[in-house]
Amino acid sequence: MVDVARLAGVSQQTVSRVVNGHSNVAPEIRERVERAIAQLRYRRNSAARTLATSRSMNLGVLSYALSVHGPALALFGIAEEARRSGYATSLVSLANVDRASIEEGLDSLVDDGVDAIVVLAPMTAAVEVLHRLDADVPVVRFEQGSPAGPSTVSVDETLGAQLATRHLLDLGHETVHFVGGPDGWMASDARRRGWQTELALAGRVTPPEFTSPDWSAESGYRAGVRIAADRSITAVLAINDAMALGLIKALHDNGVSVPGDVSVVGFDDRDESPYFLPALTTVRLDFTEVGRRAVESVLRSLRGEAPETIPLIQPELKVRDSTAPRR
């Protein structure tokens, strides 16, 4: 560290601030230090650092359903931000979101000596349990559709659904149908709430929801078959991009043109969405940023800083080829 400080022309304390991820370092100074670190191939001694700080330099992640798009990307964001700040990550996956499973998962991470925990279990049942539990370390929760708070991080998914619904109404569609997701997920509730809210604000009829047992393209296809049979439907908001993919395929198979007969909007903006046929209009949610902000929050707690409200990450409507004015 002394060699890095000498090469960068800064104090050893400044080098320490940079390698420990402190924010009170000027960008040009941080860049000089990072260049010196790379040039000298400096690596911190994690065992020595643990002894010096009484910390394990390990963050715990308690997760559920990592096969789902949002939690999977949030986990990637956590791992990247933790690594950048000099922390390792330990993952415990939940088979269920009942109280016993969550308590067991938290206890396992605390017993492993993690310094803080990020919970990626955006389920209504998990939230109810977590609000009644106290952990021995700082905890931040990923709660989709929740209000901004000091211990919750999320994207404003309700606003995202409102943006999508408003886009379709502005194209001249009388109302918007909704292909919903499985019960118990906070994302299902938040996106449904945004769809209903925007229709109510516009004074439009809220049609019955097309419900689905999961987040799959197959469920979207099944809903699409039913939608194709009702030629009065001209606009559909699918709860995620995978369902939109299945929906578009079902409409095509049944002779319904997208967007000529029915406009379709998805949700999430997966990497593949611009390459759907037609390219999918969708709502972009930055789940990687969710993970990054969660790590930032727990690190602030570990530094003894006052809790700060974590702002909601704003959604963005990506208009592509799957939506058009109503004929």
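Refer to the structure presented above.
The shown structure was predicted, so the numbers you read here are calculated from the model rather than taken from an experiment. (Residues numbered from 1 in each chain as written. Predicted model: local features only at pLDDT ≥ 70, side-chain atom pairs only at ≥ 80, totals over all residues. Heavy atoms only, no water.)

Chemist: Any chance you could explain the overall build of the chain here in plain terms?
Modeler: Helix and strand counts for the chain come out as 12 helices and 10 strands. With respect to the three principal axes, the spread of C-alpha positions in the chain is 75 × 45 × 35 Å. Counting across all 327 residues of the chain, residues that qualify as buried make up 51%. The long-range fraction of contacts in the chain, counting pairs at least 24 apart against all pairs at least 6 apart in sequence, stands at 72%. On the chain, roughly 15100 Å² of surface is accessible, and the fraction owed to carbon and sulfur atoms is 50%. Considering the chain, the positive charge centre built from 34 side chains and the negative charge centre built from 42 side chains are found 6 Å apart. (Helix = DSSP H or I, 4+ residues; strand = E, 2+ residues; numbered from the N terminus. Buried < 20%, exposed > 50% of the residue type's maximum accessible area, 1.4 Å probe, protein only. Contact = heavy atoms within 4.5 Å. Areas by Shrake-Rupley, 256 points an atom, 1.4 Å probe, with all protein chains shown as cover. Lys, Arg positive; Asp, Glu negative; His and termini not counted. Charge placed at Lys NZ, Arg CZ, Asp CG, Glu CD.)

Chemist: Just checking my understanding: could you explain the side chain of Ser154 for this structure?
Modeler: Checked against the element boundaries, Ser154 lands in the loop between strand E5 (152-153) and helix H8 (157-170). What makes Ser154 buried here is its relative accessible area of 1%. A polar contact of 2.9 Å, which involves the side chain of Ser154, links it to the backbone oxygen of Glu143. Once residues within four sequence positions are removed from consideration, Ser154 is found in contact with Phe142, Glu143, Gln144, Gly145, Ser146, Pro311, Leu312 and Ile313. (Polar contact = N/O pair within 3.5 Å; in protein donor to acceptor, adjacent residues only side chain to side chain.)

Chemist: What is the right way to look at a negative patch on the surface in this model?
Modeler: On the surface, Glu104, Asp107, Asp111, Asp112, Asp134 and Asp136 cluster together into a negatively charged patch. If you trace the backbone, Asp112 turns up in the loop between helix H6 (99-111) and strand E3 (116-120). With relative accessibility at 54%, the residue Asp112 sits in the exposed group. (Patch = residues over 30% accessible without salt bridge, like charges linked within 9 Å, V, L, I, M, F, W, Y side chains within 5 Å. Salt bridge = Lys/Arg side-chain N within 4 Å of Asp/Glu carboxyl O.)

Chemist: Explanation requested: the sheet that holds E3 in the structure shown.
Modeler: Hydrogen bonds between backbone groups are what pair the strands of a sheet, and the pairing can be parallel or antiparallel. Spatially, 5 strands are ordered E2-E1-E3-E4-E5 in an open sheet, and the strand pairing comes out parallel. Looking at strand neighbours, the two that pair on one side only are strand E2 (88-94) and E5, the edges of this open sheet. In this sheet, E5 lies alongside strand E4 (residues 139-142) in parallel orientation, the contact comprising 2 bridges. Paired with Phe142 across the strands is Val153, a residue of E5. (Pairing = 2+ DSSP bridges.)

Chemist: Looking at this structure, I do not really get the pattern of salt bridges. What am I missing?
Modeler: Pairing between side chains of opposite charge can happen when their charged atoms approach one another. Inspection of every chain in the model, using the stated rule, returns 24 salt bridges. In this structure, the salt-bridge partner of Glu81 is Arg84, at a minimum N-O distance of 3.1 Å. You can see Glu81 and its partner Arg84 sitting in helix H5 (residues 69-84), 3 residues apart, about one turn around the helix. Within the structure, one salt-bridge network assembled from shared partners comprises Glu289, Arg292, Arg293 and Glu296.

Chemist: Would you mind showing me how to read helix H11 (residues 241-253) here?
Modeler: Structural remark: α-helix, 3.6 residues per turn; residues separated by three or four positions point the same way. Across its 13 residues, H11 extends 18 Å between first and last C-alpha, which sits within 8% of the 18 Å expected from 1.5 Å per residue. On its buried face, H11 sits against strand E6 (177-179), helix H10 (217-228), strand E7 (235-238), strand E8 (263-265) and strand E9 (282-284). (Expected span 1.5 Å × (residues − 1).)

Chemist: Whenever I open this one, unusual backbone geometry confuses me. Can you help?
Modeler: Looking along the chain, the bond that leaves Val258 and enters Pro259 is cis, with omega of 10°. Following the sequence through the fold, Pro259 ends up in the loop between H11 and E8. The omega torsion across Leu277 and Pro278 is 0°, close enough to zero to call that bond cis. Within the element layout of this structure, Pro278 appears in the loop between E8 and E9. Even without glycine at this site, Ala65 takes up a positive phi of about 60°. The topology assignment puts Ala65 in the loop between strand E1 (58-64) and H5. Unusually for a residue other than glycine, Asp268 sits at a positive phi of about 115°. Residue placement: Asp268 occurs in the loop between E8 and E9. With relative accessibility at 6%, the residue Asp268 sits in the buried group.

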